[in-house]
Amino acid sequence: MRIELVNLEHGRGDFAHVYQPDELGSLDDRVTLVEPTAVNGTVRLAGTEVFVNGHIRTRAAVECDRCLKQVELPVDADFELEYVTGQTYESSAAAELTENDLSVSVFDGQAIDVDEIVKEQILLAVPTRTLCQPDCKGICPECGIDKNTGDCNCEKKEVDPRWAALKNLTSGKS
Ligand SMILES: [Zn+2]
Ligand SMILES: [Zn+2]
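Residues numbered from 1 in each chain as written. Chains lettered and ligands numbered in written order. Predicted model: local features only at pLDDT ≥ 70, side-chain atom pairs only at ≥ 80, totals over all residues. Heavy atoms only, no water.

On a plain count of helices and strands, the protein comes out with 4 helices and 8 strands. Beginning at the N terminus, the succession of helices and strands in the protein can be written as β-β-β-β-β-β-α-α-β-β-α-α. Evaluated residue by residue, the protein yields a buried proportion of 33% over its 174 residues. Put simply, 58% of the contacts in the protein that link residues at least 6 apart link residues at least 24 apart. (Helix = DSSP H or I, 4+ residues; strand = E, 2+ residues; numbered from the N terminus. Buried < 20%, exposed > 50% of the residue type's maximum accessible area, 1.4 Å probe, protein only. Contact = heavy atoms within 4.5 Å.)

This is the structure we're talking about:
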């Protein structure tokens, strides 16, 4: 969905859309959407700047960092964005833009691409580290078994060097 600025009445317009999971295409390798994504918001034109704010709600599945199991997470995020044309961006002092709390993006001056906003905001809302449970034991690097559901003999071999190191440490002290 693109919002053409020429169609805004009095420089302002509301939008709302529900994306089906396949409608947004792929987000990235880590994240898939498991539910329709609802977005709503407002576009406001102010001189050469465009302000977009709104809300996104969906459910995403992310791989656990340790065992690669799919973990479902709710996404419930507000966003507040500012757009300027490439020309405005270049003529503004860079410092002035970075001081601003809002994130400033460059756009073509014609339309706001809501699909892009939604994709970006979902990726921002998903934590960079995801665990299926706080103490996920992960996958054994030796045999590939999911250590949350089973044990293997490799684990014992792994522990041995640690004990050995500890032993050396204590004997060194005394
Ligand atoms: Zn896990
Ligand atoms: Zn193993």
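What follows covers the coordination of the zinc ion (ligand 2). The zinc ion (ligand 2) binds to the protein through Cys 140 (SG), Cys 143 (SG), Cys 152 (SG) and Cys 154 (SG), with metal-donor distances spanning 2.3 Å. With 4 donor atoms in place around the zinc ion (ligand 2) and angles of 105 to 112° between them, the coordination shape is tetrahedral. When the donors of the zinc ion (ligand 2) are listed by position in the chain, the intervening gaps give C-x2-C-x8-C-x1-C. As far as burial versus exposure is concerned, Cys 152 and Cys 154 are alike and both buried. (Donors = N, O, S within 2.8 Å, 3.2 Å for Na, K, Ca; no water. Tetrahedral: all angles 85-135°; square planar, octahedral: opposite > 155°, others 65-115°.)

It is worth spelling out the coordination of the zinc ion (ligand 1) at this point. With distances of 2.3 Å, the protein atoms coordinating the zinc ion (ligand 1) are Cys 64 (SG), Cys 67 (SG), Cys 132 (SG) and Cys 136 (SG). All donors to the zinc ion (ligand 1) come from one chain, and their sequence spacing reads C-x2-C-x64-C-x3-C. Placement of Cys 67 in the loop between β5 (49-63) and β6 (70-85) and of Cys 136 in the loop between α3 (114-125) and α4 (154-173) is noted, with a sequence separation of 69 residues between them. Across this residue pair, the class does not change: Cys 67 and Cys 136 are buried.

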